[in-house]
Amino acid sequence: MSQGSITVKQAGPLALIQDAGRFGVGHLGVTQSGAADWISYNWANWLLGNPTNSAALEIVMGGNLTLEASSNVCLALTGADLDARIDGEPLAPNACFTLKAGQCLTFRQPHAGLRAYLAFPGGLQAPEILGSRACTVREMIGGLHENGKPLQAGDQLSWQGDTPSPRRLPDNASLPMPQKRCQLPLVLGSQVAHFAGRSLYQAFNQPWTVDQRADRMGIRLTGHALNSKLEGVISEGIPLGAVQIPPDGQPIVLMNDRQTIGGYPRIGALTPSACALLSQCLPSTEVWLRPVSATQAQVTHRRQLAVWE
Amino acid sequence: MKLRLETAAMDALTVRLFDAIDESNMAWIMAADTALRHAFGDALIDLVPSYTTLLIHYDCRVIAFVEATALAREALKDLQPADTQNGQLHEIPVWYDESVGPELPQVAKRAGLSVEQLIERHCGHDYCVFALGFAPGYGFMGLVDEDLATPRLKTPRRRVAAGSVGIADRQTAIYPLLSPGGWNILGRTAVPLFEYARRGEPLFRPGDKVRFMSISKAEFEAAGGDATPLEERA
């Protein structure tokens, strides 16, 4: 297959170039960024036989994002069902496919999940900033034009390789997709000792609703308020998935584009897999928090990573 | 200094050394930073120092929770404060003017000072950099003289120009890039903090000192400063 390009004919609300994220720069005030649903992202690259950490597209909502190929290209699509179509024909999810020269790939609207991942042969070409191609809108870092802007109409996408070795998704593969009574494992910690016993009971024994106020920085959950005895804490480093409780008692889960330091009390942090699942939840989805030990969470995490090795 | 290790996440630990903000913390924080970087080596993903804590994000493929906790405890066992002379002093030229620093009159009035006296006081102190965060290259600095301390604006601005120098309570900072913000803005610098940060070489780091110098509009513009009044950007 010859090296070609893909043109963005129409931009949706938010499509970002993402990789695994920007690490080792938190002390500079630079956020982690990277694919929010890192599991679907990794599957997309795996399907094409790409190296891990290859840059792919994170497509949020769809919103008629339209991509036109200049020549035949083999791509892989995973994650949310955004009603993807090639020239109007529905596209099977979680698989490789060929987009032929002149064909248009369109993402219409979410049917299940929120973020789809589109992988390219060898990974997308994009400038590397601080060791990553991840695009962070808030920090004006990364992206095709090095200014943190999402894809825009007229943008040209090109990729690194030209001979992908497509694979099929294994039958036992599981990708994050919100179901009824979605479970989000949480490692207790940080200021958890400063929360009343009743609040801790409430945290794990009520359904939380994913709020409209949700983006790559943080996702707010609403339910019966949790109360800590602390008004605030002296700002400290915040890990991925941190569940912070502002004075109104409604948790905010801090995601990939979070501020590197913050000053609200926290009850702990969701596991990376829970963050991936939460990032696929549309507003008004019901979720349940479930305590898990750090050790157990790491066992599960290592098992997940081993799948792609 | 009282060392505590807390679980922050599946693969992150918080090292808590202090319970209150103090400039003297930084010698300990920086010593812990060096010791932890050395101890964790390749297993370290990120290490984020702040006013009283350090967040260790380690690679749980390389070391497990129990080992990471033991490693951190061992690394910090005989901690001694770092030589504070190691921190660099950075002089930041600032054009203090109401057009780019709309809160100059209010902050001066609150403190019972003239605007000139306020500028002299803001420049007359070497501020300690406590932490970088909020935005790439954004340094939280202090402590501002108690009588200059001013609470954040009731309604934050939607857009604060890059280079804006502000005060919030007893802290002072420079906005590296155009962002929302609720600090009291006193002036503007032409020093391109964001450009340094995005290259991975921030101008200042935790433990460094910053001294502000008052310059004229002509000097500010000669240094490449953008003199567009702040409110026009709102």
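Computed from a predicted model, the values in this text were never measured in an experiment.

Draft legend 1. Molecular detail of the pairing of strand S3 (residues 56-60) of chain A. Residue and element names in this part refer to chain A. In terms of burial, S3 is largely enclosed, as 5 of its 5 residues are buried. Here strand S2 (residues 14-18) runs beside S3; their pairing, made up of 5 bridges, is antiparallel. In the sheet register, Ala15 faces S3, and the bridge partner there is Ile59. In this sheet, strand S10 (residues 112-119) lies alongside S3 in antiparallel orientation, the contact comprising 4 bridges. Bridging across to S10, Val60 finds its partner in Arg115.

Draft legend 2. Inspection of the domain arrangement of chain B at higher detail. Residues and elements named next belong to chain B. Taken domain by domain, chain B comprises domain 1 (4-85) and domain 2 (89-233). Here the C-alpha centre of domain 2 lies 30 Å away from the C-alpha centre of domain 1. Across the boundary between the two partners, domain 1 contributes 8 residues, which contact 12 residues of domain 2. A buried area of about 830 Å², summed over both sides, lies between domain 1 and domain 2, and 65% of it is on carbon and sulfur atoms. The interface formed by domain 1 and domain 2 contains 2 residue pairs in polar contact (both at pLDDT 80 or more). Split by residue class, the side of domain 1 that touches domain 2 holds 5 nonpolar, 1 polar and 2 charged.

Draft legend 3. Fine view of the side chain of Gln304 of chain A. Following the sequence through the fold, Gln304 of chain A ends up in helix H4 (residues 294-306). Apart from residues no more than four positions distant in its own chain, Gln304 of chain A is found in contact with Trp38 and Ile39 of chain A.

Draft legend 4. A look at the sheet that holds strand S19 (residues 266-270) of chain A. All names here are of chain A. Strand order in the closed barrel formed by 7 strands is S12-S19-S16-S17-S14-S13-S20, and the pairing between neighbours is mixed. Here the strands of the sheet are splayed against their neighbours by 40° on average, with no regard to which way each runs. Pairing of strand S12 (residues 182-188) with S19 involves 3 bridges; the strand directions are antiparallel. By the bridge assignment, Leu186 is partnered in S19 with Leu270. The strands that helix H2 (residues 197-204) touches are S12, strand S13 (208-214), S19 and strand S20 (286-291); relative to S20, the one it contacts most, it runs at about 125°.

Draft legend 5. Molecular detail of the pairing of strand S7 (residues 139-142) of chain B. Residue and element names in this part refer to chain B. Alternating positions in S7 separate into two faces, Gly139 and Met141 on one and Phe140 and Gly142 on the other, with burial throughout. As judged from the 4 bridges shared by strand S6 (residues 127-132) and S7, these two strands associate in the antiparallel manner. Directly across from Ala131, in S7, lies its bridge partner Phe140. Between S6 and the antiparallel strand that follows it, S7, lie 6 residues; Phe134 among them carries a positive phi value of about 70°. Both S7 and strand S10 (residues 171-174) contribute to a ladder of 2 bridges, which runs antiparallel. When the sheet's bridge partners are listed, Met141 is paired in S10 with Thr172.

Draft legend 6. Summary view of the pattern of salt bridges. Applying the stated criterion across every chain yields a total of 24 salt bridges over all chains. One salt bridge connects Arg37 of chain B with Asp33 of chain B, and the closest N-O pair in it is separated by 3.2 Å. With Arg37 of chain B and Asp33 of chain B both in helix H1 (residues 25-40), this residue pair falls 4 residues apart, about one helical turn. In this structure, Arg61 of chain B engages Asp59 of chain B in a salt bridge whose closest nitrogen and oxygen atoms are separated by 2.9 Å. Classification of Arg61 of chain B by relative accessible area gives exposed; the value is 54%. Among the residues examined, Asp59 of chain B registers a relative accessible area of 12% and is labelled buried. Among the charged side chains, a network of salt bridges with common partners joins Glu58, Arg115, Arg216 and Asp257 of chain A.

Cut-off values and rules
Residues numbered from 1 in each chain as written. Chains lettered and ligands numbered in written order. Predicted model: local features only at pLDDT ≥ 70, side-chain atom pairs only at ≥ 80, totals over all residues. Heavy atoms only, no water. Buried < 20%, exposed > 50% of the residue type's maximum accessible area, 1.4 Å probe, protein only. Helix = DSSP H or I, 4+ residues; strand = E, 2+ residues; numbered from the N terminus. Pairing = 2+ DSSP bridges. Domains from an automatic or database assignment. Contact = heavy atoms within 4.5 Å. Buried area = accessible area lost by both parts, 1.4 Å probe. Polar contact = N/O pair within 3.5 Å; in protein donor to acceptor, adjacent residues only side chain to side chain. Nonpolar A, V, L, I, M, F, W, Y, C, P; charged D, E, K, R; others polar. Axes fitted to C-alpha atoms, helices over the stretch in contact; angles between N-to-C directions. Salt bridge = Lys/Arg side-chain N within 4 Å of Asp/Glu carboxyl O.

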